[in-house]
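# Topology and contacts: notes
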Amino acid sequence: MAETTEDQPVTSAGLETIIEQEEDNEVTISYVLEDKKELVLKTDHEEMIDLEALKEELGADNVQSTDSKQEIVVTLDNPDLIDFKLHVSKTVPFLLTVQDADRKDMFKHQFNHTENVDPLVDDDPAEESTWTRVDKLRVSKGPVLKNSDGSCMQPILYFGDYRYSESGVMKVSSTWIPRRKSRENSLTAPNSGIIYSEPGGKIEDGTNNPKNHIYTTHYGDSQNKDFNPALSAQEDLPYGTPTSYTSTNLFNFVSHSDNWRKPGTSGPNKVGKSYAMLGEPNLYYRIDPKTGFEEQRLVYKQRAFYNDHLGKTNPEITTRIKMSFTKTGRVVTDIAFKNTGKVLFNNFSGFSNHDLSLNKDGTELTDKNGKKIGNYISIRSLGNERGMYFQAPNNEIRTTIYMDHEKGPAAWAARSASRGYLATKGYILKPGFLGFIGSHKEAFYPWKIGKPMDKNFYDKKTNTYKFSYTPDGISNAFVDQKDLGDKGQKMAAGTRLGTNKEKDPQWDAGVTMRSSPIDLEVGKTVHIQYGTVMDIPGTVSHPVVEYDEIGTEHFPKVLTLGTENMIMEGHWYDFDSRNVSIKYAIDSEDPEDIQKNTLMDDTQTEEEAVMGRFHDFSQKVSLDGLEKGMHKMYLIAEDGEGNKSILQEHNFKLIKSAVENKGPQIDITSPTGTKRNPYIPVTDKFNLQGFWSDQNSKKIKSISYAVDGGTENVVQEDIDNPALGELVPWKIKAYNISEYNDFEKHRLVVKITDENNQVDTDIFYFKHVGGGTHLVAPEEIDFGRVSVTPTSDQPIPTNLNGKKVLLEDFRKEGASPLKIKLSIKKFYKVTDNVDTDDEDDGDDSLSSIESRASSRDSLVHDVIWNGQAVNSKHLIVGRTDGFKSDEWRQTTDLTPEIEKKLQLNFRAKETGVSTGKYMSQWTWSTVDSIQ
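Okay, so let's go over this structure. Each chain has its residues counted from 1, running along the sequence as written. It should be noted that, the model being predicted, local features are given only for residues of pLDDT at least 70 and side-chain atom pairs only at 80 or more, the latter also being counted only at that level, while totals for whole chains, interfaces and linings use all residues. Computation of side-chain values: all heavy atoms of the structure, hydrogens and water removed.

## Here's the deal with the overall build of the protein
Each helix is a run of H or I in the DSSP string that is no shorter than four residues. Each strand is a run of E no shorter than two, and both are numbered from the N terminus. In terms of regular secondary structure, the protein is built from six helices and 64 strands. When its C-alpha atoms are laid out on the principal axes, the protein stretches across 90 × 80 × 70 Å. Burial classes follow relative accessibility: with a 1.4 Å probe on protein chains only, a residue under 20% of its type's maximum area counts as buried, one over 50% as exposed, and anything between as partly exposed. Taking all 931 residues of the protein together, 52% fall into the buried category. Averaged over its 112 positive side-chain charges, the protein has a centre that lies 2 Å from the centre of its 145 negative ones. The charge count treats Lys and Arg as positive and Asp and Glu as negative. His and the chain ends do not count. To locate a charge, the coordinates of NZ of Lys, CZ of Arg, CG of Asp or CD of Glu are taken.

## Remarks on the sheet that holds strand β1 (residues 11-20)
Strands were regarded as paired on the criterion that DSSP finds at least two bridges between them. One open sheet holds the three strands; their spatial order is β1-β2-β6, and the pairing between them is antiparallel. Two strands close off the open sheet at either side, each with one partner strand: β1 and β6 (83-88). For this sheet the average axis-to-axis angle between neighbouring strands, irrespective of direction, equals 25°. Here nine bridges tie β1 to strand β2 (residues 25-33), and the two strands are oriented antiparallel to one another. Paired with Glu20 across the strands is Asn25, a residue of β2. Axis definition: a line fit to C-alpha positions, over the contact stretch in the case of helices; interaxial angles, taken between N-to-C directions, run 0 to 180 degrees.

## Some remarks on a negative patch on the surface
Like charges within 9 Å and nonpolar side chains (Val, Leu, Ile, Met, Phe, Trp, Tyr) within 5 Å are joined into patches, using only residues over 30% in relative accessible area that form no salt bridge. Here the open area of atoms and residues is found with the Shrake-Rupley method and a 1.4 Å probe, where only the protein chains shown may cover a residue. Take a side-chain nitrogen of Lys or Arg and a carboxyl oxygen of Asp or Glu: if they are within 4 Å of each other, that pair is a salt bridge. Together, Glu744, Glu813, Asp886 and Glu887 give the surface a local cluster of negative charge. In this structure, Glu887 sits in the loop between β60 (875-879) and β61 (890-893).

## Observations regarding the nonpolar core
Within this scheme, the nonpolar core is defined by two criteria: the residues are buried Ala, Val, Leu, Ile, Met, Phe, Trp, Tyr or Cys, and they are joined through side-chain atoms within 4.5 Å. Ranked by internal contacts, the top residues of the largest apolar core, which has 59 residues, are Met388 and Ile397. In what follows, a contact means two residues having at least one pair of non-hydrogen atoms within 4.5 Å. The residues contacting Ile397, other than those within four sequence positions of it, are Ile194, Tyr215, Leu358, Leu365, Phe390, Gln391, Ala392, Met534, Asp535, Ile536 and Pro537. With 30 residues, the next largest nonpolar core counts Tyr31, Leu86, Val92 and Leu96 among its residues.

## A short note on empty space enclosed by the protein
Grid spacing is 1 Å over the protein atoms alone, the probe is 1.4 Å, and a cavity is where that probe fits but cannot get out, while a pocket is an open set with protein on both sides within 12 Å along at least five of seven lines and lining residues have an atom within 4 Å of a point. Grid points are joined across faces, edges and corners, and a volume is the space filled by probe spheres set on the points. Under the definition given, this model contains four cavities of 30 Å³ or more. Of the volumes computed, that of the largest cavity is approximately 280 Å³. If you go around the largest cavity, you meet 23 residues; those closest to its centre are Leu145, Thr328, Gly329, Val533 and Val544. Counting residues per element, the ones that place at least two in the lining of the largest cavity are β12 (152-159), β15 (190-197), β37 (525-535) and β38 (544-547). With four residues, β37 is the single largest residue contributor to the lining of the largest cavity. Classification convention: Asp, Glu, Lys, Arg as charged; Ala, Val, Leu, Ile, Met, Phe, Trp, Tyr, Cys, Pro as nonpolar; all other residues, Gly among them, as polar. In terms of residue class, the lining of the largest cavity is built from twelve nonpolar, eight polar and three charged.

## Overview of the sheet that holds strand β43 (residues 615-622)
The three strands are arranged β38-β40-β43 in an open sheet whose pairing can be described as antiparallel. Every other strand in the sheet has two partners, leaving β38 and β43 as the edge strands with one partner each. Adjacent strand axes in the sheet meet at a mean angle of 35° when their direction is disregarded. As defined by bridge partners, strand β40 (residues 565-573) adjoins β43 across eight bridges and the pair is classed as antiparallel. If you follow Gly570 over to β43, its bridge partner there is Phe617.

As structure tokens, then:
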């Protein structure tokens, strides 16, 4: 909305959409020109704008340009228009500046330049050194679970559609392409599946072995055999997981909802809009040091507008989605939404949308008669506020989603889903005559209201509602931001969610999770976390136990010393046995010790076994005789046939509590670091936390800490203690240890002092150990525009434009010196169908022009290092300074050396070269340097 006066007419312009097309990019510019009806379009390169297309759009008389076409003046005096389209180059990086008639800048935008996505969502600079960025999709594999009949299963995780990730050769960018209004592959859908290998099969062969089968849980995920080529233009076809995604209510800043408790939302797959996504998502992987399994992370950015608009708030969100395995095979998804913009994000909510479908071997699951049974199925409660599950009608596959993680969703609703390319206002209210006669109102996902049994929404023959509608009185997800959906409903296990009436119509199964609405400050982050487990009932022979709030080594369950019993709760299921027993031992993993203690003996009927019914348990474990400190409980379940579950560990810590006349007490509970086993940080920052208590003083003077006997640092002071004797949490958030850049063991003492100057302390040890290396290099190096002939001899220096080439070395002291090697492949012309990652190493250095022929357009390049022609396959561009020092993080900056010594000379083939953008793959690596 804008207000004007006769003295202050509005003049504004903004970039609305950028849509990649086959030959160019189509750009939409919106404007409001209440005074002078002209805009000036300026570019820093010649002929970046298609002048003829612009004249056809606006009329030749309304478009004036210079000879170089670097400055174009457009007249916009049609009162019925509010925007116009430009067609611009999609290959050459260039800057577009839009000015008003008085040559005052309205906005600027850099085209064909990769948007830098800051991956450091948790503000931890050293965290990045543990991740490796990749440009190709991949499948990560969890533990292999073996069955007594010789079959086995293995959970897997990936982003988007499994069929794009399974080969490991598909690029992220090649699947993030438009499919009409949407994207080919919905990469913000964190997906998981399970590979089942029949007896005699080899699970390591994946889906290439006829004895192996792939099960997935989202519509369009490995469901390509349901694809109908005749409908290939439609966005909702069952491939690329089109209706599952992760997003926010950022769109509400573009189009405000008429009800602030029902903000507008947009899917990230909408093409051309910055509020959907800026650029492309970035993919990373690493090995989880806690489990040894590979985990993945996807990072992307969204902004309300490409450029700041006069009078409009322009927030920005960077989202990080991380998927990892537990030791038992549960896939844990953590979605972090961080405000990386310049302004407060009012009433922020993050969403995780899932369109559920049980699929097998490329198609929706079918029964023995070939009828599809995987989509319109009931979603049921796990009971005890744990989450939900959905199970195939023929009992072939079951997926369980656990919502009770530490950072679980603030609200979740097992209803339906939405399309990943839609942007909706949230709620529309159009008042009628006298304010109410003939008024119209409508709510949209995730606030969409249920519909009557009308043919537009409901199929009477199948007694089902069409996607994405739900029955009257049942919202598509939530009524508004106050509605928590199924969270907090305390429904018994097996209860149908959405409605407790089994005969009510089915709808297209889905689930929406969201964060709590919050005014998200700049730099702050909110999370949504959940876990997924898949089972194949007819084959699983071992019992499965899921414990509630199980403690880990660095996040143990905390109990006060003297507690008589510890409560262990959870649920178990077994698909083939009527009897299950859970055994345990404390502080011993010896199988004989574990068999001495029984946590639970339970039974079930044969019918319950067939269906894998969930059975709750709550049992007491005696802590008699245990001393203060960390303890570990080892648990294993065994059924009547002798099949055993995976051994699980539960960490708990007994801490002292305050008593009368003894002053305050303080304990460090997380992370764990003792003198014998110090905490091993992998980054420069971590949270240090614990509990304190005081039985006598109503005021605590201070909580402080000191490292190695050094300066005392106050964390908190003048703390009220209204509840005498109760445990109170304390925390040092993002404690920075960068000053201890060594391999020494450090001693941190935390101290509490009450108003009577009585004190207590606890001690924590930490130490760096040798790790790996992390090489940071620019994603893109632009050598600009060049004119080439077969005899060109004009070496171009490397300009990194402020970017760095850094080697971060975390190896142990005394490690061998390193060389940094660069391999430069052939420069190929970029087209929509050509992948520049070619097996040809592209070594044109020191070779004749005719030495290598190719059917693809390419440039010959010579590599010059320090004035000498060199081989581009094995170019050493730097070295570390001797053996590894006693510093944990040793940084070598190669930037000055590369910019000074590295040059490229481009030549054309004898047959000539066509104009266009040419790209080469550069591979940076480290090798030992023997000195």
